[in-house]
Amino acid sequence: MIDYIVHNHQISLHRACRLLRLSRSVKAYIPRKKPDLAIAQLLCKLAEQHKRYGFRKLFKLLKRHGVVVNHKRAYRIYCDQKLNLRRKPKKRLPVRVPLKLVQPAAENICWSLDYMSDALSTGQKFRTMNVIDDFNREALGIIASSSLPAYRVTKYLDLIAADREYPEMLRLDNGPENISRAMQKWAEKHGVKLQYIEPGKPAQNGYVERFNRTYREEVLDMYLFKNIEEVQSITDRWILEYNTQRPHHSLGYLTPHEWAVKVSTSKLY
């Protein structure tokens with residue numbers, strides 16, 4: 001604009017700068033070319049060698065290589081090259097108000113659900129979903145699979161409920177399957193209240209946690225599994241033994257089925 005006014009209107013440079021409210025030093029300024037390309041190449045090389053280094057560590061390495069550069073300029077080049085480490089945002093959970101862990105007075109008042117993980121002899125990882133009734137610690141079912149997305153979890157809960165109806169409440173942790181929309185819709189559809197424990201406090205789901213220990217000691221740590229089908233077969237046989245033959249300390253050394261019969265008989269009298 002200054003050059004245009006000076007050449008076309010035949011006025012001085014000083015007057016042209018005053019008209020545009022600019023200083024003559026701005027007109028005379030010639031930016032120096034900075035070797036951003038060399039710094040960018042070195043940053044990319046260092047980031048390739050140290051894939052988990054963030055900007056601060058890479059900036060210190062630049063200094064060690066003798067590069068004299070301002071940290072703001074180095075960070076701009078770092079961002080231009082898209083070297084930023086991706087940060088996984090922490091999902092904010094609503095405040096959990098857990099209920100006191102009390103043994104229900106009857107079946108289907110409260111179920112507890114939890115997950116476990118193990119590996120086959122081939123090294124392949126698998127998970128199990130364990131469901132028990134808090135009333136008599138009865139093992140309602142265990143499903144083993146390489147993955148347990150929310151739709152499989154709800155489908156398996158439907159299979160259990162087909163034999164004994166849906167519970168009034170389901171106690172569970174804050175895992176991704178449990179806080180998913182699929183689980184929320186399932187609970188709303190069947191009138192089940194989801195009781196979440198506080199994060200990092202598994203003792204609030206103590207009944208199923210104690211059951212998990214027994215299952216690990218008597219099944220998962222006892223056998224070397226070849227495939228998931230073998231895990232499921234052995235687990236199914238163990239559940240039958242657990243519910244009908246194995247004495248339970250907290251039930252007065254009765255089995256879960258014997259305890260249920262005892263409580264129902266006592267209510268008749």
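No experiment lies behind these values; they were computed from the predicted model shown.

A. Structural context of the sheet that holds strand β3 (residues 138-145). Taken together, the five strands give an open sheet; going across it, the order is β3-β2-β1-β4-β5, and neighbouring strands pair in mixed fashion. A single partner strand is all that each edge strand has here, and the edge strands are β3 and β5 (193-196). Sheet twist, expressed as the mean angle between neighbouring strand axes with direction ignored, is 25°. Pairing of strand β1 (residues 110-119) with strand β2 (residues 125-133) involves nine bridges; the strand directions are antiparallel. Paired with D114 across the bridge in β2 is N130. Lying over the sheet, helix α10 (residues 228-244) contacts β2 and β3, oriented at roughly 175° with respect to β3.

B. Representation of the packing of aromatic side chains. Going through the model one piece at a time under the given rule, you end up with 11 aromatic pairs. Ring plane angle 55° and centroid distance 5.3 Å describe the contact between F55 and Y78, whose orientation is recorded as tilted. Taken as a pair, F55 in helix α5 (residues 55-64) and Y78 in helix α6 (residues 71-80) lie far apart in primary sequence, 23 residues in all. On the accessibility criterion, F55 (16% relative accessible area) is buried. Ring centres of F211 and W238 lie 5.7 Å apart, and the angle between their planes is 55°; this geometry places the pair in the tilted category. With a gap of 27 residues between them, F211 in helix α9 (residues 206-220) and W238 in helix α10 connect regions that are remote in the sequence. By the burial criterion, F211 is buried, and W238 matches it. Every member of this aromatic cluster is reached through a ring pair, and the members are F55, F59, Y75 and Y78.

How each quantity is defined
- Residues numbered from 1 in each chain as written.
- Predicted model: local features only at pLDDT ≥ 70, side-chain atom pairs only at ≥ 80, totals over all residues.
- Heavy atoms only, no water.
- Pairing = 2+ DSSP bridges.
- Helix = DSSP H or I, 4+ residues; strand = E, 2+ residues; numbered from the N terminus.
- Axes fitted to C-alpha atoms, helices over the stretch in contact; angles between N-to-C directions.
- Contact = heavy atoms within 4.5 Å.
- Phe/Tyr/Trp six-rings, centres within 6.5 Å; stacked < 30°, edge-to-face > 60°.
- Buried < 20%, exposed > 50% of the residue type's maximum accessible area, 1.4 Å probe, protein only.

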